[in-house]
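Architecture and fold: a report
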Amino acid sequence: LDTPLIDASVAQEILPVIPWWLLVTFGSYSLWSLGWGVFTFRDCPEAYQELLQEINEAKNDLRSRGVIVD
């Protein structure tokens, strides 16, 4: 395959590995981004209390309908 402006040795040695290099780069960035998000994740005590309240409301609703909960 003739590529303009690129030596034949570069075309044979470098071009075939570029897709893998891009895949590894994207994977590394994705893992870094996910890790940074987990590292900087903030606790939300208000959301925790709200969730517990909603769970209790759901349990009470199910109990009023005759479902055994717990």
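Scope of this entry: the structure provided in the associated data block. (Residues numbered from 1 in each chain as written. Predicted model: local features only at pLDDT ≥ 70, side-chain atom pairs only at ≥ 80, totals over all residues. Heavy atoms only, no water.)

Now for the overall build of the protein chain. Per the secondary structure count, the protein chain includes 3 helices and 0 strands. Secondary structure elements of the protein chain, listed N to C terminal, follow the sequence α-α-α. A compact globule built from 70 residues would reach a C-alpha radius of gyration of about 11 Å, whereas the protein chain, at 27 Å, exceeds it by more than 25%. Along the longest, intermediate and shortest principal axes, the C-alpha atoms of the protein chain span 75 × 30 × 20 Å. For the protein chain, the accessible area works out to roughly 6900 Å², and carbon and sulfur atoms hold 65% of it. Of the side chains in the protein chain, 4 bear a positive and 10 a negative charge, and the two mean positions are spaced by 20 Å. (Helix = DSSP H or I, 4+ residues; strand = E, 2+ residues; numbered from the N terminus. Rg over C-alpha atoms; globule rule 2.2 N^0.38 Å. Areas by Shrake-Rupley, 256 points an atom, 1.4 Å probe, with all protein chains shown as cover. Lys, Arg positive; Asp, Glu negative; His and termini not counted. Charge placed at Lys NZ, Arg CZ, Asp CG, Glu CD.)

Moving on, we get to the packing of aromatic side chains. Taken as a whole and judged by the stated rule, the model has 3 aromatic pairs. Each ring, one from Trp32 and one from Trp36, has its centre 6.2 Å from the other, and the planes form 10°; the classification is stacked. In this pair, Trp32 and Trp36 both sit in helix α2 (residues 18-39), 4 residues apart, roughly one turn of the helix. Given the relative accessible area of 56%, Trp32 is considered exposed. Relative accessible area serves as the criterion here: at 47%, Trp36 is assigned to the partly exposed category. When the ring of Trp36 is compared with that of Phe39, the centres are 5.7 Å apart and the planes differ by 40°; the resulting orientation is tilted. Of the two residues, Trp36 and Phe39 are both situated in helix α2; the distance of 3 residues between them amounts to about one turn of the helix. Under the relative-accessibility criterion, Phe39 is labelled exposed at 65%. (Phe/Tyr/Trp six-rings, centres within 6.5 Å; stacked < 30°, edge-to-face > 60°. Buried < 20%, exposed > 50% of the residue type's maximum accessible area, 1.4 Å probe, protein only.)

Here we come to helix α3 (residues 45-64). In an α-helix there are 3.6 residues to a turn, and that puts residues three or four apart on one side. Here α3 contains 20 residues, and its C-alpha end-to-end distance of 29 Å stays within 8% of the 28 Å for a straight helix at 1.5 Å per residue. Looking at the residues trailing α3, positive phi occurs at Gly66, about 90°. (Expected span 1.5 Å × (residues − 1).)

Positive phi values are uncommon outside glycine, yet Leu5 reaches one of about 65°. Residue placement: Leu5 occurs in the segment before α1 (8-13). Using a relative accessible area of 92% as the deciding quantity, one classes Leu5 as exposed.

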